[in-house]
Amino acid sequence: MQTDWALVREMMMGAIDGCERLEALGLGEEDRHLTGEANGFRASVFDALTSAWTYPESVRYRLIAERNAAGVDRPYLPESARILRNVAEACAELVGAGEPAPGAAAAREMVRWYSGHLTPLLEDAARSRPVPA
């Protein structure tokens, strides 16, 4: 099965853009009661932020259901999905950690590892596959 990496990037960038804007606006816990309007709908900051972290969970369940309906259930969590989940969790540890973030060197080392070690190793391994007859 192929992966729609453009959609994965789009989803991650949407979340990152929203989180970045939240921080740039300086909205914090003490601002949860404030309300705003978007697309003719008024809601509190608290409601909007709660939706921002529960919405992806709902979409995940819908994706699972639609995969099932399409007959493409997965019997295990693929390695690439594990990578995305764990990198997202590591990224979450950077939120509110300041700049430069404690652990930033390790995070950047990991980024370099993906491009400088994992990718070349995988490409080399793929070249060593036997050519189908």
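What counts and how
Residues numbered from 1 in each chain as written. Predicted model: local features only at pLDDT ≥ 70, side-chain atom pairs only at ≥ 80, totals over all residues. Heavy atoms only, no water. Patch = residues over 30% accessible without salt bridge, like charges linked within 9 Å, V, L, I, M, F, W, Y side chains within 5 Å. Areas by Shrake-Rupley, 256 points an atom, 1.4 Å probe, with all protein chains shown as cover. Salt bridge = Lys/Arg side-chain N within 4 Å of Asp/Glu carboxyl O. Lys, Arg positive; Asp, Glu negative; His and termini not counted. Charge placed at Lys NZ, Arg CZ, Asp CG, Glu CD. Helix = DSSP H or I, 4+ residues; strand = E, 2+ residues; numbered from the N terminus. Buried < 20%, exposed > 50% of the residue type's maximum accessible area, 1.4 Å probe, protein only. Pairing = 2+ DSSP bridges. 1 Å grid on protein atoms, 1.4 Å probe; cavity = no way out; pocket = protein on both sides within 12 Å on 5 of 7 lines; lining within 4 Å. Points joined across faces, edges and corners; volume = space filled by probe spheres on them. Nonpolar A, V, L, I, M, F, W, Y, C, P; charged D, E, K, R; others polar. Expected span 1.5 Å × (residues − 1). Bend = angle between axes of the 7 residues up to and from the residue.

Engineer: So what exactly am I meant to see when it comes to a negative patch on the surface here?
Structural biologist: A surface patch of negative charge is lined by Asp 17, Glu 20, Glu 23 and Glu 99. Mapped onto the secondary structure, Glu 99 falls in the loop between helix H3 (79-92) and helix H4 (104-127).

Engineer: Where do I start with the pattern of salt bridges in this structure?
Structural biologist: Where charged atoms from two side chains of opposite charge approach closely, those side chains can pair. Scanning all chains against the criterion turns up two salt bridges. A salt bridge links Arg 62 to Glu 66; the shortest N-O distance between them is 2.7 Å. With a gap of four residues between them, Arg 62 and Glu 66 both fall in helix H2 (residues 45-69), about one helical turn apart. Exposure remark for Arg 62: the relative accessible area of 58% places this residue in the exposed category.

Engineer: Just to check I follow, could you spell out the environment of Leu 118 for this structure?
Structural biologist: With respect to the element layout, Leu 118 can be found in helix H4. A residue is classified by how much of its surface remains accessible, and Leu 118, at 22% relative accessible area, is partly exposed.

Engineer: Is there a simple way to explain the pairing of strand E2 (residues 41-44) in this structure?
Structural biologist: Two faces, one strand: in a regular strand the side chains alternate between the faces of the sheet. Two elements, strand E1 (residues 35-38) and E2, share four bridges in a ladder whose sense is antiparallel. What sits directly across from Glu 37, in E2, is Arg 42. Two successive antiparallel strands, E1 and E2, enclose a turn made up of two residues, where Asn 39 displays a positive phi of approximately 55°.

Engineer: Looking at this structure, how should I read the layout of surface pockets?
Structural biologist: Unfilled space is identified by rolling a water-sized probe across the atoms. In this structure, the second largest pocket spans a volume of roughly 170 Å³. Taken together, Leu 22, Leu 27, Gly 28, Glu 29, Arg 32, Phe 46, Leu 49, Thr 50 and Trp 53 make up the full set of residues lining the second largest pocket. Broken down by element, the lining of the second largest pocket gets its largest block of residues, four residues, from H2. Split by residue class, the lining of the second largest pocket holds five nonpolar, two polar and two charged.

Engineer: Is there a simple way to explain H2 in this structure?
Structural biologist: An α-helical segment advances 3.6 residues per turn. Residues three or four places apart therefore align on the same side. For H2, spanning 25 residues, the distance from its first C-alpha to its last is 36 Å, which sits close to the expected 36 Å at 1.5 Å a residue. Considering bend angle alone, the principal kink of H2 is centred on Trp 53 and spans about 30°; proline Pro 56 follows within four residues of it. Within two residues after H2, Gly 71 carries a phi angle of roughly 75°, on the positive side.

By themselves, these observations are geometric and do not establish any function.
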